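Coordinate inspection notes
Listed here are the chains, written in short residue letters.
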Amino acid sequence: MKWLIFIIIFGVGCSGIKQKSPAPKTQGEIHFDVKEKTLDNGLKILVVENKKLPVFTYYTYFEVGSKYEEPGTTGSSHLLEHMMFKGAKKYKEGEFDKLVEGNGGRNNAYTSNDLTVYYESLPKEHLETVIDLEADRMQHLQLDPKSLDDERKVVLSERKSRYETRDQGKIYLTMMKELFKGTPYGSSVIGEINDLKTVSRQKVLDYFNTYYQPNNAVIVVVGDVEAKQVFSMIEDRLGDVETNSDLPKIKADHLKKLGGFEFKTKLPKRVYLKGITPYPMYQIAFKGIKVGGRDAFILDILSSVLGDGESSYLYQNLVLNKKPKMAMVYAANYTMQESGVFFIGGQLLPTTNLKQLEREMKKLLNRSCDKALSKRALQKVKNQYLFGMVSSLDTNAGIAEFIGQRQVYYGDYNFYKKEMDIYNSITLDELKSACQKYIKDQPALELSIWKNH
Amino acid sequence: MNKRILILLGLLLTQSVFAKNYLDENLKKLKWNDIEVVWLEDDSLPTFDVIFYFGTGALADGKGKEGLTELTLSELTSGTNQFSQSKLLESLEYFGVVYGSRVTHEFSSFAVSGLEKNFSPSLKLICHAFKDAKFPKAELKRTKNRIYSGLKSMVTNQGALANRVFRYESMKGTGYESPTEGTLKSLKRIKSRDLKKRLDYFNNKSFKRIYLRGSKEVLGLENIVKNDCEWTQGKSEENKVVSKLPKPKVIFVPIPKSNLVQVRIGRSMMSSEIAERQHELKTFSGRFMGGGFTSRLMQGLRVQAGTGLTYSASAYVSEQRNYGRIGISSFTEDERLPTLLTAVKNILESNTQSIEKDVFERAVRNATGNYLLGLESTSDFLKNLLYFDHVGRDYAEIYQYSDKVKGFSPEQLKKMIAKNFNWNDQVIVLLGNEGVKKILSREKIQFVEKNYQDYL
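What you see is a predicted model, and the numbers here were worked out from it, not measured in a lab. (Residues numbered from 1 in each chain as written. Chains lettered and ligands numbered in written order. Predicted model: local features only at pLDDT ≥ 70, side-chain atom pairs only at ≥ 80, totals over all residues. Heavy atoms only, no water.)

**Section: the nonpolar core**
Residues and elements named next belong to chain A. Residues Leu314, Ile344 and Met361 are the most contacted members of the largest nonpolar core, which totals 77 residues. In this structure Met361 touches Tyr282, Ile284, Leu314, Leu318, Met326, Val329 and Ile344, once residues within four positions along its chain are discounted. Counting residues in each nonpolar core, the second largest holds 75 residues, with Leu39, Met176, Phe261 and Tyr330 among its members. (Core = buried A, V, L, I, M, F, W, Y, C linked by side-chain atoms within 4.5 Å. Buried < 20%, exposed > 50% of the residue type's maximum accessible area, 1.4 Å probe, protein only. Contact = heavy atoms within 4.5 Å.)

**Some points on the pattern of salt bridges**
Residue and element names in this part refer to chain A. Across all of its chains, the model carries 66 salt bridges over all chains by this definition. Of the charged contacts, one joins Asp132 and Lys90 as a salt bridge, the two residues approaching to 2.4 Å between their closest N and O atoms. Of this pair, Asp132 sits in helix H3 (residues 127-140) while Lys90 sits in the loop between helix H1 (76-83) and helix H2 (95-102); the two residues are 42 residues apart in sequence, bridging distant segments of the chain. With a shortest N-O distance of 2.9 Å, Glu192 and Lys177 are connected by a salt bridge. Taken together, the residues Glu192 in the loop between helix H5 (167-179) and helix H6 (193-198) and Lys177 in helix H5 connect sequence positions 15 residues apart. Overall, the relative accessible area of 30% leaves Lys177 in the partly exposed class. Taken together, the shared-partner salt bridges in this structure form one network comprising Lys90, Glu128, Asp132, Asp236 and Arg237. (Salt bridge = Lys/Arg side-chain N within 4 Å of Asp/Glu carboxyl O. Helix = DSSP H or I, 4+ residues; strand = E, 2+ residues; numbered from the N terminus.)

**Points about the interface of chain B and chain A**
Reports often express the size of an interface as the amount of accessible area lost when the parts come together. Across the contact, 73 residues belong to chain B and 84 residues belong to chain A. Both sides of the chain B and chain A interface together cover about 6700 Å² of buried area, and 61% of this is carbon and sulfur. Broken down residue by residue, the surface that chain B buries against chain A is led by Tyr94, Lys117 and Glu376 of chain B, which jointly contribute 12%. With its nearest N and O atoms 3.8 Å apart, the salt bridge here joins Glu333 of chain B to Lys160 of chain A. Summed over the shared surface of chain B and chain A, the result is 24 residue pairs in polar contact (both at pLDDT 80 or more). (Buried area = accessible area lost by both parts, 1.4 Å probe. Polar contact = N/O pair within 3.5 Å; in protein donor to acceptor, adjacent residues only side chain to side chain.)

**A short note on the confidence of the model for chain B**
All names here are of chain B. When pLDDT is averaged across chain B, the result is 91; 94% of the residues are at 70 or more. Within the model, pLDDT remains below 50 along residues 1-19, and this stretch shows 41 contacts once partners closer than five positions in the same chain are excluded. Under the prediction, the complex receives an ipTM of 0.89, its pTM being 0.91. (pLDDT = per-residue confidence, 0-100.)

Printed below as a string of structure tokens:
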């Protein structure tokens, strides 16, 4: 296979259980044959030719997310994501889905604090149709007022189902709002109810015109395609689209105007939420860091050592030990382009006192810098990461996400090579230092949600 | 990419007389200790997938011990005579493998995936667990406590709770209604010895089949199955025939502080319906009504101007060997519930009367294309083979799917929709806050009120 070469990395040492011979240690790399072109207007296109099946996947990343929303317009990025399926100049409302699904494909999109991402997968003969559809809505979105009002209802319904009726969603939403208060990450991606109801069509249109620019987008195409043909078709439709070369500065100034990303929340802080869960859910969040630096990778590994899998430190100490306190526990290092949060949480068992759990959790976290961290635990996580990375590459969409995410977050689709080296090179000492620096005795935001609060 | 797989999957797009013969030649079937092995040779990634299939499912739990099969397989790693739970878990996770069980009423499976270089040690460990699991009482007690806590907390996940209630009510009396994970009552009755007995049954008496995906390296599983699992073949089991369905009704389940009404509409299928075959047409009818943005329900309830009744609406028609399920799933705000119910009814009925040509043709293209996309992952393809074997269908039907769907007519589809989604046959479950009762009464919708805790 030309486009993908696998050699095993991350040597696996012997398990604690006796084996006849240890797994061999080998070195190597993942490699994609990515063809790249950047148009004069800044639109970047990445193509991986994969002839496995006569299908392709087409991703468009726009570097705009909820962090760019001003007070009063929260939820606009996500609302706009919905509206991108509601009609443009050439393809009227409803035609996008009809053409994609009617040609045997599927499509969807998602919005985060940093990005809005659109993707379709279809049989290969419909490549030109997809490019035409995407080019049309990228330039000529209609934002019909009636459709916009209908879609507000849909988003409000989504908000209810994901967050308002789910205690897990509420606690996460509150954590982000509290920890990132006064920064652009302090507003929720789904938006505030009043903002969703009142944000004007003009404001949404202005938002679209500002951020849906060629030099703010990356297109990734993976599948049974010819790169030259992909470049040519996209350039034909989007090559002449004017772009705002000041956009990077506009974005930077805007983020500064919205408060910048320095943490402003005074910690420690304790938040109690009224919910419907019969047993408390608890979450503790520490100031994290943004994506890209070495510490970000170290914290990824730390979160997995602490809370990924049933043999993880917290799971063993809080769920599977002789006197369990929690029904489940998790840890995550959520890194975004400008900041991050390291959080741990879970659901208490019926017999567990919340205050006791808070004390126990903090004690465990403080101890974890010595007790949880070992060479074996570190190697275990590296092995898990390797499988996770490799197994995600089974489909065109998996490959497109893999290189697309690296392009937008690191500015380099090849970053996965450095990334793997970084993970592989992380030492136990570094893990311990990061634990001391970011977790041990660090002030934190604590939240709980419970019907009895 | 393995050429065999390329050709096999490529054939999905062609109507080839030669396809069947090629499939027979290139998909390897082996036998180890009389156990059939299906091997999908695929070296495109340095990973493996193994699925152990057992012809024993939750039906074998017996009355009063529902959840036994699922608990047995999930507790396999709770400790053996040789290794503690923490040691087992740590070793498996050290190898970076992902594993887990899936239990349906008719069959069970245990899947293991990982990097090929860790194939042998991880599968040996899994087989060791199958052979030697002792289900320590203390670990079992802790697991049960976690499950109880999860069930009692289900009120915070109203979608999942609605699914649970709907399963029970739409399948009541068929023998397939109980949740495979058990209930608060049934789990209390399950003891460590029950799990040992069930595992013993799996190992020595249950019908088995093994599914493999990977390079030739995965053939090393033969020795592991023979020497570590020590498995031999067991007997096939008869499953329960469904000859009677619950009466259509509306069930309302009040939930505290809910600001959405979960809506589930559907019914079970009788064994005689399964025996009629027409599998592709049945699933197509489900997809037509509720699969994707251009499906009839999504168009009618979310997309069309002036609606915006819901964020999500879906439908399915799915079959196992002896039973099947037909369902519609959605949610809406309290006050909009009557509008949504009326809209669903009208959409169902109108599509039994007429289907526009372009809508039909689009749905056909959608079905055939999506089917292909669904097989892109060779891991998913393996699961498809398992399903086909379980329900007794020929693999040839996989690549004949496209031709079959293209051969359907709107008339056939209308009839199938009328049969599957006849409004008068449906069980309707509504889950929402107390105030919904007034709305139902105002609309003169007769309902039976139930307590959600009765379903936990």
